[in-house]
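As a plain string of letters, each chain reads:
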Amino acid sequence: MLVLLIVIVCGVVLVIYNQFKHRQAERNFPPKGDFITVEGVRLHYIQKGSGQPIVFLHGGILTGNDFEQVVEMAEKEGYRAIAFDRPGYGYSDRLNKRITPLDQARLIHGALKKLGVQKPILVGHSWSGLLVLAYSLLYPNDVSGMVLLGGAMYVEGYPAANGDPISKVVMTPILGDLIVHTLLRSPLGTILTKNMLKETFAPELVPFKYEDATMSLWLRPKHFKANRADVLAFVPIAKEVSKDYKKIKCPLIIAVGEKDPFGTIEQAKRLKQDIPQAELVTLSNIAHMIPQNHPQVVMKLIQEISNRV
């Protein structure tokens, strides 16, 4: 009985501590943009500049702020730059149901329509490689061009192609909620997150500000669960839409870091075979986290695709 009481007390303390850290994180990293509601989902986005629209879609870790430096560069170059927090990430909401990359494409498309954005260039990093390609297949007449940065596009070679135990546990009813509301801010949770960041950026270094933001925002329950749900949602949708990649006709640059450790080089080569008119660019001495560590490279790729459009 005493042991059970101790476990309950420890659990309550962990929940209270986690809630305190979540509120502290949102004070330290408040939303920097505006909000728009589509299909009952409130999406947060950053928008700067005017001119040809460029839409940025981040990968699986953080938020639209991943492209903050590129957005500023794009504004100075005369573009209208828009970076979304994908559903469930950052300060964007996510409906309490299964959300696929196709659903996210539809929500982003609806938001852009409300914002009066026509035929943007889409820039997708990592997980959003699939999202950008799915968007172009759903709305082929509403895309001017695309830039993929270390994109994941196929099941084969995807790190969680054969399932992901952590994601499955986190998405388990009751047990998953118990874990994310107690253990994310524990020493175990923070150590695992720091190791994950090092592996994701390797062999490059993790920017200090990015690590700080990740420890603050990514470890919130709703954000973490959105990421784990997306990991599981990738495989069935990639199987479905990759069959149609050959139908894509708009200008496309497939950029991948020479030192990317996640198998994206092979995926990029395969996409080049499926879309022969696309340009494949291998970035020397660059790893996976291209928007964060090499914003000037991203800006150059945008200018190249913009010239073709």
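Described in the following lines is the structure provided in the data block. From a predicted model like this one, the values you see are computed outputs, not experimental measurements.

Cut-offs used in this document
- Residues numbered from 1 in each chain as written.
- Predicted model: local features only at pLDDT ≥ 70, side-chain atom pairs only at ≥ 80, totals over all residues.
- Heavy atoms only, no water.
- Helix = DSSP H or I, 4+ residues; strand = E, 2+ residues; numbered from the N terminus.
- Buried < 20%, exposed > 50% of the residue type's maximum accessible area, 1.4 Å probe, protein only.
- Contact = heavy atoms within 4.5 Å.
- Areas by Shrake-Rupley, 256 points an atom, 1.4 Å probe, with all protein chains shown as cover.
- Lys, Arg positive; Asp, Glu negative; His and termini not counted.
- Charge placed at Lys NZ, Arg CZ, Asp CG, Glu CD.
- Expected span 1.5 Å × (residues − 1).
- Bend = angle between axes of the 7 residues up to and from the residue.
- Pairing = 2+ DSSP bridges.
- Axes fitted to C-alpha atoms, helices over the stretch in contact; angles between N-to-C directions.
- 1 Å grid on protein atoms, 1.4 Å probe; cavity = no way out; pocket = protein on both sides within 12 Å on 5 of 7 lines; lining within 4 Å.
- Points joined across faces, edges and corners; volume = space filled by probe spheres on them.
- Core = buried A, V, L, I, M, F, W, Y, C linked by side-chain atoms within 4.5 Å.
- Patch = residues over 30% accessible without salt bridge, like charges linked within 9 Å, V, L, I, M, F, W, Y side chains within 5 Å.
- Salt bridge = Lys/Arg side-chain N within 4 Å of Asp/Glu carboxyl O.
- Parallel < 35°, antiparallel > 145°, perpendicular 65-115°, else oblique.
- Left-handed = near helix turned anticlockwise from the far one by under 90°.
- Nonpolar A, V, L, I, M, F, W, Y, C, P; charged D, E, K, R; others polar.

### Some details on the overall build of the chain
Across its full length, the chain holds 12 helices and 8 strands. Dimensions of the chain, computed from the C-alpha atoms along their principal axes, are close to 70 × 35 × 35 Å. A burial count over the chain gives 54% of its 309 residues as buried. Look at the contacts in the chain between residues 6 or more apart in sequence, and 80% of them connect residues 24 or more apart. With an accessible surface of roughly 14000 Å², the chain has 58% of that area assigned to carbon and sulfur atoms. Distance from the positive charge centre (36 side chains) to the negative charge centre (28 side chains) of the chain: 3 Å.

### Notes on helix 9 (residues 221-241)
Residues separated by three or four positions in an α-helix point in the same direction, a consequence of the helix having 3.6 residues per turn. Here helix 9 is 21 residues long and its end C-alpha atoms lie 30 Å apart, about the 30 Å a rise of 1.5 Å per residue gives. At Phe 234, helix 9 is bent by approximately 35°, the largest bend along its length, and proline Pro 236 sits one to four residues beyond. Among the 21 residues in helix 9, 15 count as buried, and that is most of the element.

### What about unusual backbone geometry?
For the bond from Ala 202 to Pro 203, the omega torsion is 0°, close enough to zero to count as cis. On the secondary structure map, Pro 203 appears in the loop between helix 7 (187-201) and helix 8 (208-218). Positive phi, close to 55°, is recorded for Glu 39, a residue that is not glycine. Classification of Glu 39 as partly exposed rests on a relative accessible area of 47%. Phi at Ser 126 is positive, roughly 60°, even though this residue is not glycine. Mapping Ser 126 onto the fold places it in the loop between strand 5 (121-125) and helix 4 (128-138).

### Notes on the sheet that holds strand 8 (residues 279-283)
One open sheet holds the 8 strands; their spatial order is 1-2-4-3-5-6-7-8, and the pairing between them is mixed. Here the strands that pair on one side only, and so sit at the sheet edges, are strand 1 (34-38) and strand 8. Sheet twist, expressed as the average angle between the axes of neighbouring strands with direction ignored, equals 25°. Across 5 bridges, the pairing between strand 1 and strand 2 (residues 41-48) is antiparallel. Each bridged residue has a counterpart across the sheet, and for Asp 34 the counterpart in strand 2 is Tyr 45.

### Here's the deal with the layout of surface pockets
Of the voids in this model, the largest pocket is the one considered here, and its volume is about 1000 Å³. As for the largest pocket, its lining consists of 41 residues, and the residues nearest its centre are Met 196, Trp 218, Asn 227, Arg 228 and Val 231. Of all the elements in the fold, those that place two or more residues in the lining of the largest pocket are helix 5 (165-170), helix 7, helix 8, helix 9 and helix 10 (264-274). With 8 residues, helix 7 is the single largest residue contributor to the lining of the largest pocket.

### Considering the nonpolar core
Ranked by internal contacts, the top residues of the largest apolar core, which has 49 residues, are Phe 84, Met 146, Tyr 245 and Leu 271. At 6 residues, the largest contribution of residues to this core is made by helix 9. Beyond its immediate stretch of four places on either side in the chain, Leu 271 contacts Leu 133, Leu 148, Met 153, Tyr 154, Tyr 245, Leu 252 and Ile 254.

### Thoughts on a nonpolar patch on the surface
The grouping of Val 169, Leu 175 and Leu 178 at the surface amounts to a nonpolar patch, some 250 Å² of accessible area in total. Mapped onto the elements of the fold, Leu 178 is located in helix 6 (residues 175-180).

### A few points about the packing of helix 7 against helix 8
Taken N-terminus to C-terminus, the directions of helix 7 and helix 8 make an angle of 135°; their axes are 11 Å apart at the nearest point. By the angle class used here, helix 7 and helix 8 are oblique. Considering how the two elements wind past one another, helix 7 and helix 8 form a crossing that is right-handed. Residue-level contacts link Thr 190, Thr 193, Lys 194, Met 196, Leu 197 and Phe 201 of helix 7 to Tyr 210, Glu 211, Thr 214, Met 215 and Trp 218 of helix 8. Its residues placed into classes, the contact of helix 7 with helix 8 shows 6 nonpolar, 3 polar and 2 charged.

### What about the environment of Lys 168?
Mapped onto the elements, Lys 168 comes out in helix 5. For the pair Lys 168 and Arg 228, spaced 60 residues apart in sequence, the C-alpha separation works out to 7.9 Å. Not counting residues within four places of it along the chain, the set of residues in contact with Lys 168 comprises Gly 163 and Leu 232.

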